[in-house]
Amino acid sequence: MVVGETSRAPNWQLYGYGRETNPLLAHQEGLVAFSKALTESNTTHKSVPMLLSGVSARNYDSIYFRKGIITAFKEAGFRTAFFSNQRRNHSFIDFFGMEADTCDFIKEDSVVPGYNPADDELLRLAEQELAKGAERQFIVLHTYGSHFNYRERYPLETTFFTPDYPVDAKRKYRDNLVNAYDNSIRYTDGFLSGIIRMLEKQQANAVM
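Residues numbered from 1 in each chain as written. Predicted model: local features only at pLDDT ≥ 70, side-chain atom pairs only at ≥ 80, totals over all residues. Heavy atoms only, no water.

> Describe the overall build of the protein, and please don't skip the residues or the numbers.
Within the protein one finds five helices and four strands. Each helix (α) and strand (β) of the protein, taken in turn from the N terminus, gives the series β-α-α-β-α-β-α-β-α. Here the C-alpha radius of gyration of the protein, 18 Å, is about what a compact globule of 208 residues would show, namely 17 Å. Along the longest, intermediate and shortest principal axes, the C-alpha atoms of the protein span 50 × 40 × 40 Å. Residue burial in the protein is summarised as follows: out of 208 residues, 42% are buried. A gap of 5 Å separates the mean positions of the 24 positive and 26 negative side-chain charges of the protein. (Helix = DSSP H or I, 4+ residues; strand = E, 2+ residues; numbered from the N terminus. Rg over C-alpha atoms; globule rule 2.2 N^0.38 Å. Buried < 20%, exposed > 50% of the residue type's maximum accessible area, 1.4 Å probe, protein only. Lys, Arg positive; Asp, Glu negative; His and termini not counted. Charge placed at Lys NZ, Arg CZ, Asp CG, Glu CD.)

> Residue-level account of the pattern of salt bridges, with values.
In total, this model carries eight salt bridges according to the counting rule given. Its salt-bridge partner being Arg88, residue Glu108 comes within 2.9 Å of it at the nearest N-O pair. Remark: Arg88 occurs in the loop between strand S2 (79–84) and helix H3 (92–97) and Glu108 occurs in the loop between strand S3 (102–105) and helix H4 (120–130); sequence separation between them is 20 residues. Judged by its relative accessible area of 34%, Glu108 falls in the partly exposed class. Exposure remark for Arg88: the relative accessible area of 36% places this residue in the partly exposed category. (Salt bridge = Lys/Arg side-chain N within 4 Å of Asp/Glu carboxyl O.)

> Give me the lowdown on the environment of Leu14, citing residues and values where you can.
Take Leu14: it is sitting in the loop between strand S1 (2–3) and helix H1 (44–51). As for Leu14 and Val111, which are separated by 97 residues in sequence, their C-alpha atoms are 39 Å apart. Residue contacts for Leu14: discarding those within four places in its chain leaves Asn22, Leu25, Ala26 and Leu31. (Contact = heavy atoms within 4.5 Å.)

> Could you give me a rundown of the pairing of S2, with the residues and numbers involved?
Counted residue by residue, S2 has five buried out of six residues, so it is predominantly covered. Summarising the sheet, S2 and strand S4 (residues 137–142) pair through six bridges and their orientation is parallel. Bridged to Ala81 within S4 is Ile139. Following the chain from S2 across H3 to the adjacent parallel S3, one finds a crossover that is right-handed. (Pairing = 2+ DSSP bridges. Right-handed = clockwise from strand over helix to strand, strands pointing away.)

Next comes the structure, spelled out in structure tokens:
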């Protein structure tokens, strides 16, 4: 289960965007794109816990006594893991994530100030978890996605839309900001495709 961040459907080629932001997923067999799905909150600390549980915006207060999806899979006999490219923020994201057999918030793993890992580092952790060879596994990857500053969300060598140099979030820089944002979506496209390739190598029944 991959939890995305700050990713607008209108900027995805899969949903009809005119730019090539999904060069890999657009040709992926067996992919289903849900065109009428909406997040129930515009903030991470509320939207992500709702994705990780049966809680909705209508009954959010029930989160205090609901189990998360990770616990549901544990009770069904799965080995579970939660890997996040964000920091703990004393929310139910932390609580639900720490229900997993393995839990890691990778931004807190480095002693280097300002360390800003790429989402691809989550792939390495997922691969290590799959290598443990559990009969049934459930892995949650919580990405950093397309948060501002967009230019920091993808490696220089993957730049496709230009100019994309870092600028302030001001209307006069709109074209530049859109280029950088769309490049970050292309990076997510590669990230998700990387997970698909990883799962294919397992030669086992899998779903993402």
